[in-house]
Amino acid sequence: MDWNVTVGELLRDYREGWTLPGRAYTEPALYEHDVSTFWRKDWIFVAHLCELRQPGDFVAVEVAGDSLLVVRQDGATVAALHNVCPHRGSIVTEQRAGHCRRFVCPYHQWTFDLKGRLRAAPGLDARHDRADLGLRRAHVRELAGLIFVSTAENPTDFGPVAATVGPMLQPQGLAGARIAHSEEYVVEANWKVLWENHAECLHCVSNHPEYVKANFDRFGPNTTPPHVNARIAAIAEANRLRWGGTALEIEQVTTGFPSFPDREEGRWYGCERTALVEGWATESVDGRLVAPYMGEYSSYDVGTLRVRVLPNLWLHGNCDYAVTTALFPDGPTRTRARVTWLVAAAAQEGADYDRERLVAIWKATSEQDWLVCRRQQAGLSSSAYRPGPLSEESEYNVIRFLSWYVKRLGG
Amino acid sequence: MDWNVTVGELLRDYREGWTLPGRAYTEPALYEHDVSTFWRKDWIFVAHLCELRQPGDFVAVEVAGDSLLVVRQDGATVAALHNVCPHRGSIVTEQRAGHCRRFVCPYHQWTFDLKGRLRAAPGLDARHDRADLGLRRAHVRELAGLIFVSTAENPTDFGPVAATVGPMLQPQGLAGARIAHSEEYVVEANWKVLWENHAECLHCVSNHPEYVKANFDRFGPNTTPPHVNARIAAIAEANRLRWGGTALEIEQVTTGFPSFPDREEGRWYGCERTALVEGWATESVDGRLVAPYMGEYSSYDVGTLRVRVLPNLWLHGNCDYAVTTALFPDGPTRTRARVTWLVAAAAQEGADYDRERLVAIWKATSEQDWLVCRRQQAGLSSSAYRPGPLSEESEYNVIRFLSWYVKRLGG
Amino acid sequence: MDWNVTVGELLRDYREGWTLPGRAYTEPALYEHDVSTFWRKDWIFVAHLCELRQPGDFVAVEVAGDSLLVVRQDGATVAALHNVCPHRGSIVTEQRAGHCRRFVCPYHQWTFDLKGRLRAAPGLDARHDRADLGLRRAHVRELAGLIFVSTAENPTDFGPVAATVGPMLQPQGLAGARIAHSEEYVVEANWKVLWENHAECLHCVSNHPEYVKANFDRFGPNTTPPHVNARIAAIAEANRLRWGGTALEIEQVTTGFPSFPDREEGRWYGCERTALVEGWATESVDGRLVAPYMGEYSSYDVGTLRVRVLPNLWLHGNCDYAVTTALFPDGPTRTRARVTWLVAAAAQEGADYDRERLVAIWKATSEQDWLVCRRQQAGLSSSAYRPGPLSEESEYNVIRFLSWYVKRLGG
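Heads up: these notes are all about the structure in this document. (Residues numbered from 1 in each chain as written. Chains lettered and ligands numbered in written order. Predicted model: local features only at pLDDT ≥ 70, side-chain atom pairs only at ≥ 80, totals over all residues. Heavy atoms only, no water.)

## As for the relation of the copies chain B and chain C
Put simply, the two copies of the chain differ by a rotation about an axis and a shift along that axis. Formally: Only residues with pLDDT of at least 70 in both copies contribute their C-alpha atoms to the least-squares superposition of the copies.
Of the transformation superimposing chain B on chain C, the axial component is 0.0 Å and the angular component is 120°, with the fit at an RMSD of 0.0 Å. In symmetry terms, the pair is related by a three-fold rotation axis.

And the structure:
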């Protein structure tokens, strides 16, 4: 099969510290291989728990060609079901989100309960065992208000991400938050291009004027001026006096993202709390709060919590709002990106926050990133592109991402 | 070649009574195989004879990538010609329908008579034999006003369909009718999805509220309540007293479609006259006539004549109008469907019929079907879909269709 | 690989004097083979020198998926650079044309001088040799104001085209001209269809009413009436009295295009000066001049200069204006065609020429050609098309083009 050739060549030609050849981002056969290797094996972030308040609330999401329903069954359980009738293959619902007691396929009224069990099947011959004919289930996990699914038969162990990210994310209060705004972007770029972009801030100064005012991560770990390190240390020390030993402590006291992911240990998630620039209470255009405190936050000296979970989620959590970015591949050169802003459930638009101010910095930053990703994709299809050198100082996480990707490709 | 793999897997995995795997409806290579196995071998309904009243009248139709001209040559003969100039390959005409004495290729004025013979070829070197350079011909057959073509070298025997369908369709008077309305739909579904939909009425009650008021076929053969069978018998008996022994006799006196097609006998067509519900003189929204009587009809007690011819035609003939649906595949996941309403040639719009009333029931029914077909196609591309169980009681004709299809695939 | 099959079949089945089978114009794999065999090997016309007046002026052009920058470095030199950053693969500029002192990649500010040398690379580790990390260069040649590039490692010898076309084109004064108008067309046809169209004028009488009034080439070499040959001879004789022995002499004194290209000698360019019809001072709708004299022209008795350079350029040069047509393939069934009109640099729109009049004849002629090309492409996908016979009298250059093409395919 075609991808054997492509994967074989990638494995043979790959040099750590260099980018991949352009065909890694354009070939349909390799895209199909990516889908089966990553998107139908790994844990995919699909919804926020707060979208599913009542039993019967559901959202539908499309992951690499598979339509999935995520539905709350009762106060404690969320299920993930394939949105495909096991009878003739019809999509069961075309709603993006909704509420129901049972799912009824519009074609022949096969009816499924919220666990996906077949409850009615007009015309079905008696000899068939209805227990075999429910909506196929996917694995589902909840993590501090985030819902992940896996369509693999035997998914990766979710335990490590839960143990690492869970306690740090819990105070953000996502389970009790509400969605204030969301945007769905279609980015004309391979999903890996978006991750490489997210893995470094070397591009930030010239592309993200709003973002770099709030954050320190424009600097590499070895190139940060001493006075900047001193400023970060001072901010972290003030935080530690109040929050030391709790989940609100700023532990990341240097510039530069922590190393992520880890090819050897198979670590595909990362999480850290970082300092914001002095005068910035949150990631906003002017540093001022844009919404009431959310979750367990009661003051603004907590920096920003950053979470990354491969292959499709990153999150920034501030004291007043959180923003999640979920990627969904849609062919070799296209990725849908859903960006969602969450605030405290009690916050009222207009009275407690202004939507424009709330979304300004991350709407700008996201759209700036999609633009540079689209430009990169455009060049990757050139016959003239050859793998380029990555900066160990500033792009070590791109190196790590590609190294992890190639190792996974090789099985 | 790719389709060898796909066809081989389909043949190996197929289980009678179950649907096909999703890739049977999505793979480009299998679509190409379908085109060569069915659409370039079988008889394809392309036009109504009444569209070609005068010698020189023509219609152009596209069948699976091949553009064809159907042209009346004189009072008695219709020819089918490929709409491709044998010189440089230009389309000869871009008109959908028209009238001409000769076809003149717009590129270099090669000129062909209505039989496709080359009559002028500016610049053609004398050494070439013009007899070899006419428009390539396709086989053509007329059946009670319907025109079929086959682009195969040696097409299937048309005799059986002519013998079976011809006498029953003759009284409908299609040859002397006229087209009152037509719609061309683009349905985002594989052509087989449309046939599976047409092969059962299990979906009718919840999807076709107008249609089921006029027809009895919402019931399966073994699940029809006795009082319904008694009603059908009474309607058929009244019809028999008047039309017994003629082509207007309602012979189909039970619910349920007749079995169709027949894999063993290679029967790819079907035809029967069925009862309409009491009070329904025709298939209309309220049961009242929507046009003057057509063909040999002089009363409304004749039920509905139904015709199906694989792979691309179905027809309902009422006492006052007929409606044909012609399918044309346009890629693995797209089918064009042309729906045409015919009335008596003398009927005048406005005076004799209201176009809205005429088309209401079949416009609604067709569009309802395209919606469920599109939903099915959407789910068939899911990695989670597995062949599903078909109902022997209500979907026996889907079983027969798939069985016929798979046998043909296997050659 | 797929194209091996396709190319092998083409080579085996090709008969000189006949067209190619339809799949030569539709198959994606063969298109990729065309790209590597022709478009990434040959000299491609990409810009006019007069678009690059000042050092730092550049234009960007896309050739078969490769984005290229053509930039003037100083008064004497033009360079061609791949518009792809060697770092992460981003397009360096999205401008279609512009002026700059250095190219700065918008992603990470890698900075290149006008020769493509890397001048700054923020974050690049010191161990990398910057000399290896410039913008990749393509070969570039200038020919009497036309700029050609080749992305091949070892391009074809440009000497013969320079020696043949250069002296004849020099008096047109393109280097000192300016662009008065340009159109970019998307033609739904394979690039070879456009060349076959350009290789014969058998189609002219019925498709190009404006063009044939100005030109004699509607006639074939052996079918020109004696009185027409006498008229051409008289026009050429008058020209010779004045311009004999100079580049303005009309040497093509018969009808019919000169033979082009030459498969045996590998000649892929052609150039000749031909007579215009009496009363036509230029190729215009009414024969009157449409702009001031350009280049070295000082009178209208110079006919028209015609240039063809495979695979992507043709040009007509009149005493008052020139028009170039540049082809850029965009998939198996699509070609972009950029048509550009040039006049003397000093000519002022409104005062010295009227843009509508200037472009009328070649805008009409181009659009008429794109229409017949689209029609031909539509028919070439029919399963009924077989190679057709070409006219030795009128289509000898189509025969030569296909013969040249097939020989190149065979390597």
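Read on for the rest.
## Structural notes on the interface of chain B and chain C
What counts here: The contact criterion used is simple: two residues touch if any of their non-hydrogen atoms lie within 4.5 Å. Once two parts are put together, the accessible area they lose, assessed with a 1.4 Å probe and summed over both, is termed the buried area. Any carboxyl oxygen of Asp or Glu that lies within 4 Å of a side-chain nitrogen of Lys or Arg is treated as forming a salt bridge with it. Between N or O atoms, a polar contact is any pair within 3.5 Å; within protein, one atom must be a potential hydrogen donor and the other a potential acceptor, and residues adjacent in sequence are included only when both atoms are from side chains. In this classification, Asp, Glu, Lys and Arg are treated as charged, Ala, Val, Leu, Ile, Met, Phe, Trp, Tyr, Cys and Pro as nonpolar, and every other residue, Gly included, as polar.
With 26 residues of chain B at the interface, the matching set in chain C holds 32 residues. Both sides of the chain B and chain C interface together cover about 2300 Å² of buried area, and 49% of this is carbon and sulfur. Counting the surface chain B buries against chain C, the share from its top three residues, B:Arg88, B:Glu94 and B:Tyr107, is 28%. At the junction of chain B with chain C, the criterion picks out five salt bridges. C:Glu200 is the partner of B:Arg88 in a salt bridge, and the nearest nitrogen-oxygen pair spans 3.0 Å. Applying the counting criterion to the chain B and chain C interface returns 21 residue pairs in polar contact (both at pLDDT 80 or more). Its residues placed into classes, the side of chain B that touches chain C shows ten nonpolar, nine polar and seven charged.

## Considerations on the pairing of strand β13 (residues 304-309) of chain C
All names here are of chain C. Filter applied, for reference: Residue burial is assigned from relative accessible area. The probe radius is 1.4 Å, only protein chains are included, and a residue is buried under 20% of its type maximum, exposed over 50%, and partly exposed in between. For helices the rule is a DSSP run of H or I covering at least 4 residues; for strands it is a run of E covering at least 2, with both sets numbered from the N terminus onward. Pairs of strands are assigned from DSSP output, requiring at least two bridges between the strands.
Across the six residues that make up β13, a large majority, six, are buried. Bridge count between strand β12 (residues 269-274) and β13: six bridges; the pairing is antiparallel. Paired with Glu272 across the bridge in β13 is Arg306. Adjacent in sequence and paired antiparallel, β13 and strand β14 (residues 313-317) are bridged by three residues.

## Regarding helix α8 (residues 355-380) of chain C
Applicable threshold: Expected span of a helix, by definition, is 1.5 Å for each gap between consecutive residues, and there is one gap fewer than residues. Bend at a given residue is defined as the angle between two axes, one fitted to the seven residues that end at that position and one fitted to the seven that begin there.
Look at α8(C): 37 Å from first C-alpha to last across 26 residues, which is about the 38 Å you get at 1.5 Å a residue. Largest kink in α8(C): about 35°, centred on C:Ile361.

## With respect to the environment of B:Thr19
Mapped onto the fold, B:Thr19 is located in the loop between α1 (2-13) and α2 (28-39). The spatial distance from the C-alpha of B:Thr19 to the C-alpha of B:Pro387 is 4.8 Å, given a sequence separation of 368 residues. Sequence-distant contacts of B:Thr19, defined by excluding residues within four places in its chain, comprise A:His87, A:Arg88, B:Tyr385, B:Arg386, B:Pro387, B:Gly388, B:Leu390 and B:Leu402. At a separation of 2.8 Å, a polar atom in the side chain of B:Thr19 contacts the side chain of B:Tyr385. A polar side-chain atom of B:Thr19 sits 2.8 Å from the main-chain amide nitrogen of B:Gly388.

## Here we look at the sheet that holds strand β6 (residues 103-104) of chain A
Residues and elements named next belong to chain A. Taken together, three strands build an open sheet; the order of strands is β6-β7-β8 and the sheet is antiparallel. With partners counted over all chains shown, the strands left at the sheet margins are β6 and β8 (118-120), one partner each. Sheet topology note: the β6/strand β7 (residues 111-112) ladder contains two bridges and is antiparallel. Paired with Phe103 across the bridge in β7 is Phe112.

## A short note on the state of the cysteines
Cut-off, in case you're wondering: For the purposes of this analysis, a disulfide is any pair of cysteine sulfur atoms at a distance within 2.5 Å.
What the rule picks out here adds up to three disulfides over all chains. Two residues share a disulfide in this structure: A:Cys201 and A:Cys204, whose sulfurs sit 1.9 Å from each other. The sign of the S-S torsion, about -100°, decides the handedness of the disulfide formed by A:Cys201 and A:Cys204: left-handed. A:Cys204 gets classed as buried once you look at its relative accessible area, which sits at 2%. Note on A:Cys105: no disulfide assigned, nearest cysteine sulfur contributed by A:Cys85 at a separation of 3.9 Å. With no disulfide of its own, B:Cys319 has B:Cys271 as its nearest cysteine by sulfur position, at a separation of 17 Å.

## Details of the packing of aromatic side chains
Any two aromatic rings considered together are summarised by their centre-to-centre distance and by the angle between their planes. Residues and elements named next belong to chain C. To keep things clear, this is the line we draw: Stacked, tilted and edge-to-face pairs are distinguished by plane angle, under 30 degrees for stacked and over 60 for edge-to-face with tilted covering the rest, among Phe, Tyr and Trp rings (Trp via its six-membered ring) whose centres lie within 6.5 Å.
Inspection of the entire model under this criterion finds 51 aromatic pairs over all chains. Note on Phe58 and Phe103: the rings are 5.2 Å apart at their centroids and 70° apart in plane angle, and the pair reads as edge-to-face. One end of the pair, Phe58, is in strand β2 (residues 57-63); the other, Phe103, is in strand β6 (residues 103-104), with 45 residues separating them in the sequence. With relative accessibility at 3%, the residue Phe103 sits in the buried group.

## Thoughts on the packing of helix α2 (residues 28-39) of chain C against helix α9 (residues 396-409) of chain C
Residue and element names in this part refer to chain C. So the rule is basically this: Here an axis means a line fitted to C-alpha atoms, over the contact stretch when the element is a helix, while the angle between two N-to-C directions is reported on a 0 to 180 degree scale. Throughout, the term roughly parallel applies to angles under 35 degrees, roughly antiparallel to angles over 145, roughly perpendicular to angles from 65 to 115, and oblique to all others.
Contact geometry for α2 and α9: axes closest at 10 Å, N-to-C directions at 90°. Accordingly, the angle class assigned to the pair α2 and α9 is roughly perpendicular. On α9, the residues that touch Leu30, His33, Asp34, Thr37 and Phe38 of α2 are Trp404, Tyr405, Arg408 and Leu409. Tallied by class, the residues present in the contact of α2 with α9 amount to five nonpolar, two polar and two charged.

## Remarks on the sheet that holds strand β7 (residues 111-112) of chain B
Note: strands within a sheet are paired through backbone hydrogen bonds, in either parallel or antiparallel orientation. Here three strands make up an open sheet; going across it, the order is β6-β7-β8 (chain B) and the pairing antiparallel. This sheet does not close on itself; its edge strands, each paired only once, are β6 (103-104) and β8 (118-120) of chain B.

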